[in-house]
Amino acid sequence: MGWRLLSFFIAGYLTARFSLITQALDLANFAWEHGVVGRATKGFLILSIFFFLFCLPIERIVAREAASEVRVMGAVSGDVLMRIFWPLNFPRNGQSGLLVGWRNSKTDIFVVAIVNGVNSTRIDNELRSGSLFRKSRHSVERIFDVCGQSALHVLGDVNENIAGAKFRPDHIHAFTHKSSRYPQIFCPPSSGVTLQVILFEEPNPYKMEYHSLAPISLALEDKAAVGGDDESEIKEREKQAKLVEKLRLHSVIRSVPTEKERSLQVIIHQINCSHETKELLRINVELLKSRRERRALSVSERVVESATSAWRTTLRMTVEMAAFLWPFIMYTFVAIMLFWRSLANLILQVLEWRAKPDLAALKDISATAQQFDIRLQQFCYWPLQYITVRCRKDDWGGATNSHPDYIRFYNSLWLVANDIIIGIALGSYIIENANVVAYNIDYYLKTYTIEGMGRTIEWLLIDPGGLKLNEELDKFLGDLFGWVLNYWSDITDSISPYLPQVIYAIGITSFAGASMPIALFSDLLSILTIHIYSFYIASAMIYNWQLSIIHSLFHLFRGKKINVLRKRIDSCDYELDQLLIGTILFTLLIFLLPTVLVYYCLFASARMAIIILKAWLETLLACLNHFPLFALMLRVKDSKRLPGGIKFELKDTTEVATSFKHAFDSAPVSYIHLKSTPLPLGAMFRQYSQLGSRLKRHYVSARYSMLPTKRAGLVEVWERLTGRGK
């Protein structure tokens, strides 16, 4: 059976194939008879001839031209981008010279200085031997480490004859002229290189000018990271950080930074160190060029030399004696400072002491204690700040990172000095007019906080504004608050004769700064209005209790109850007597609520007025203690000392080329101006925006963002001041 099926299959397959072969033969015969094969052969021959005569030669010509564009000079290939960093403060007198600087890569060079009067070979040898760094005040390796290079190189020449010259990336040719601020770079179109000339203004480290990718931080790192002790703020900041991280995960395209982009930070360091490196090269090149012989001294010159030598000997002996006594004087001064610092630290611990962890410290409830706290913290931190600022002289100005410490240190000194100056003027007025000031304070407090409050309570007893209050409860609350108010009036009458002496004492404290009397007046206001605070607390508690009870009784009508343990509302079956008692209590509390609400609104309004006044005083304290006065002065005087980042400004190539004096064909060149952007005013006053947000919740002063969170110990201060902690 199987053989039969196989034989049938083979017979059918051969029949089908024979039919296809027959049709193919018929089609070929038809094409031959009608000339189709001849026409196809002619077309193929024509296309082949066209390809060999036209397409193939054109392809070879294009390949030869592309190969001729390649310039194997320093392993530079065609169509590459070459960056040249050029300072704008170079002299433009047309004098010839050599370009010396950093070679970050084969297509990325940084020009530091122009050397005149010395040939290229000698400068190259001097750079390799290190003889051009002999007059260095600090370690040259430090400059090399910060700039990310191991040596300076001769990068090219300026204002030299370029007749027959070719473009070489390892030795460029530049031209300067007094009519143009921008250099003209020799780069013919056949070089296959696109130039970017990035221009920058050289920051002067002696004036503490520098460039920075990130805005300078006026707050310490621990304060910038924490921002405050408020737990809600910390949670909100963590929530925002999580949202930002989620947004990063949803980014579709994330470009990988190129090598040139990653080297931007190193280039910023090279810009900051360029001024000192240029001055060091200039001094040593002048010494290299001025080799002169010394002649014999005349008689008069010998007399002057001997007199000068005697004076120098006396001066040297004085300096040696001072150097011998200096350690004893320094250690004595440091010991005295540590004694006062330990006393200040003890006072700070008293101000920060809490009877229980959940209770407020003394500095949290008293503006005067808070002012003492910030002044003592500044006194404890100033020695460490001074040592940090002094250490910047032991390093290159462009390589140091102590600029924010310098600004914070002198900003706090300026604020304290201005505080004392304003305090002397304010204290003189208070002392001379102590009786007048005491009389005005006593008059306004009695008029508005005692007599005015009493009249308002009496007005509430006679159905104010047409409101129908509960007479019994209204009379009870009015009599209660009126009795306390009369008792407080007797107390203020008894202390009024001593108020001028208190004001006089406050005036004396003004010589410690204007912030001290302001803080004392804030505490005095809190003490003299403590009865209003007591009224507010009592009325708020009564109102809160009544609302809570009404809320619970409301659930009784719905057959619900509040489950305190599980913090939810559960169903409950109440009996008839429970529903009856609940209905009676709910009705009573609802009718008594307007009376309690009126008293609560009265005392809450009075308390709010006092809070606004205290918040105004706290704002004055914040301005006296934390106003960025020194930073604002630097922002106006020299914004380069307060960098807020950098920006790139593309120049018009056509406009730049109009001032060039040399005419030659050039490859595409773009001129980009690298500028330092000043720190925004919003970043300088960030503390006050934080203060405004905190005032919405409670009136507090600005955080000590320019003081560290953890104070340094005595051992650390001793090591830092004596130089042992380096």
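Quantities reported herein were computed from a predicted structural model and do not represent experimental measurements.

Student: Run through the packing of helix H15 (residues 499–509) against helix H16 (residues 515–528), naming residues and quoting values.
Tutor: Interaxial distance between H15 and H16 falls to 8 Å at its minimum, and their mutual angle equals 150°. Our classification of the angle between H15 and H16 gives roughly antiparallel. For the pair H15 and H16, the crossing hand works out as right-handed. Residues Ile503, Ile506 and Thr509 of H15 lie in contact with H16, whose contacting residues are Met516, Pro517, Leu520, Phe521 and Leu524. For the contact of H15 with H16, the per-class residue count stands at seven nonpolar, one polar and no charged.

Student: I'd love a proper account of the pattern of salt bridges, names of residues and values included.
Tutor: All told, the structure shown has 16 salt bridges when counted by the stated rule. The salt bridge partner of Arg83 is Asp108, with a shortest N-O separation of 2.6 Å. Residue Arg83 is located in strand S1 (residues 80–87), and its partner Asp108 is located in strand S3 (residues 108–115); the two are separated by 25 residues in the primary sequence. On the basis of relative accessible area, Asp108 is assigned to the buried category, the value being 3%. Residues joined in a network through salt bridges with shared partners are Glu352, Lys363 and Asp373.

Student: Which residues make up the packing of helix H12 (residues 403–432) against helix H19 (residues 629–637), and what are the values?
Tutor: It is the contact of H12 with H19, at a shortest axis distance of 7 Å, that shows an interaxial angle of 115°. For the element pair H12 / H19, the angle class is roughly perpendicular. On H19, the residues touching Tyr406, Ile407, Tyr410, Asn411, Trp414, Leu415 and Asn418 of H12 are Leu629, Phe630, Ala631, Met633 and Leu634. Its residues assigned to classes, the contact of H12 with H19 comprises 10 nonpolar, two polar and no charged.

Student: Tell me about unusual backbone geometry, residues and numbers included.
Tutor: The backbone of Asn159 sits at a positive phi, close to 60°, despite the residue not being glycine. Position of Asn159 relative to the elements: it lies in the loop between strand S4 (153–158) and strand S5 (172–177). The phi dihedral of Met208 falls on the positive side, at around 65°, and the residue is not glycine. Assignment of secondary structure puts Met208 in the loop between strand S7 (193–200) and helix H5 (221–226). For Met208, a relative accessible area of 7% corresponds to the buried category.

Student: An account of the pairing of S1 is needed here, citing residue identities and associated values.
Tutor: Within S1, seven of the eight residues are buried, leaving the element largely enclosed by the surrounding structure. Bridge count for S1 against S7 is eight bridges, and the pairing is parallel. In the sheet register, Arg83 faces S7, and the bridge partner there is Gln196. With three bridges joining them, S1 and S3 adopt parallel strand pairing. When the bridges of S3 are listed, Phe85 appears paired with Phe110.

Student: Kindly report on the layout of surface pockets, identifying the contributing residues and their values.
Tutor: Counted as a void, the second largest pocket has a volume near 710 Å³. As for the second largest pocket, its lining consists of 26 residues, of which Ile441, Leu445, Phe521, Leu525 and Leu613 are closest to the centre. Mapped by element, the contributors of at least two residues to the lining of the second largest pocket are H12, helix H13 (434–460), H16 and helix H18 (576–626). The residue inventory of the lining of the second largest pocket, partitioned by class, reads 22 nonpolar, four polar and no charged.

Student: Quick rundown of the state of the cysteines? Include the residues and the values.
Tutor: Applying the stated rule across the entire model yields zero disulfides. Cysteine Cys273 is unpaired, with the sulfur of Cys147 as its nearest cysteine sulfur at 4.2 Å. Cys273 gets classed as buried once you look at its relative accessible area, which sits at 1%.

Basis of the calculations
Residues numbered from 1 in each chain as written. Predicted model: local features only at pLDDT ≥ 70, side-chain atom pairs only at ≥ 80, totals over all residues. Heavy atoms only, no water. Axes fitted to C-alpha atoms, helices over the stretch in contact; angles between N-to-C directions. Helix = DSSP H or I, 4+ residues; strand = E, 2+ residues; numbered from the N terminus. Parallel < 35°, antiparallel > 145°, perpendicular 65-115°, else oblique. Left-handed = near helix turned anticlockwise from the far one by under 90°. Contact = heavy atoms within 4.5 Å. Nonpolar A, V, L, I, M, F, W, Y, C, P; charged D, E, K, R; others polar. Salt bridge = Lys/Arg side-chain N within 4 Å of Asp/Glu carboxyl O. Buried < 20%, exposed > 50% of the residue type's maximum accessible area, 1.4 Å probe, protein only. Pairing = 2+ DSSP bridges. 1 Å grid on protein atoms, 1.4 Å probe; cavity = no way out; pocket = protein on both sides within 12 Å on 5 of 7 lines; lining within 4 Å. Points joined across faces, edges and corners; volume = space filled by probe spheres on them. Disulfide = S-S within 2.5 Å.

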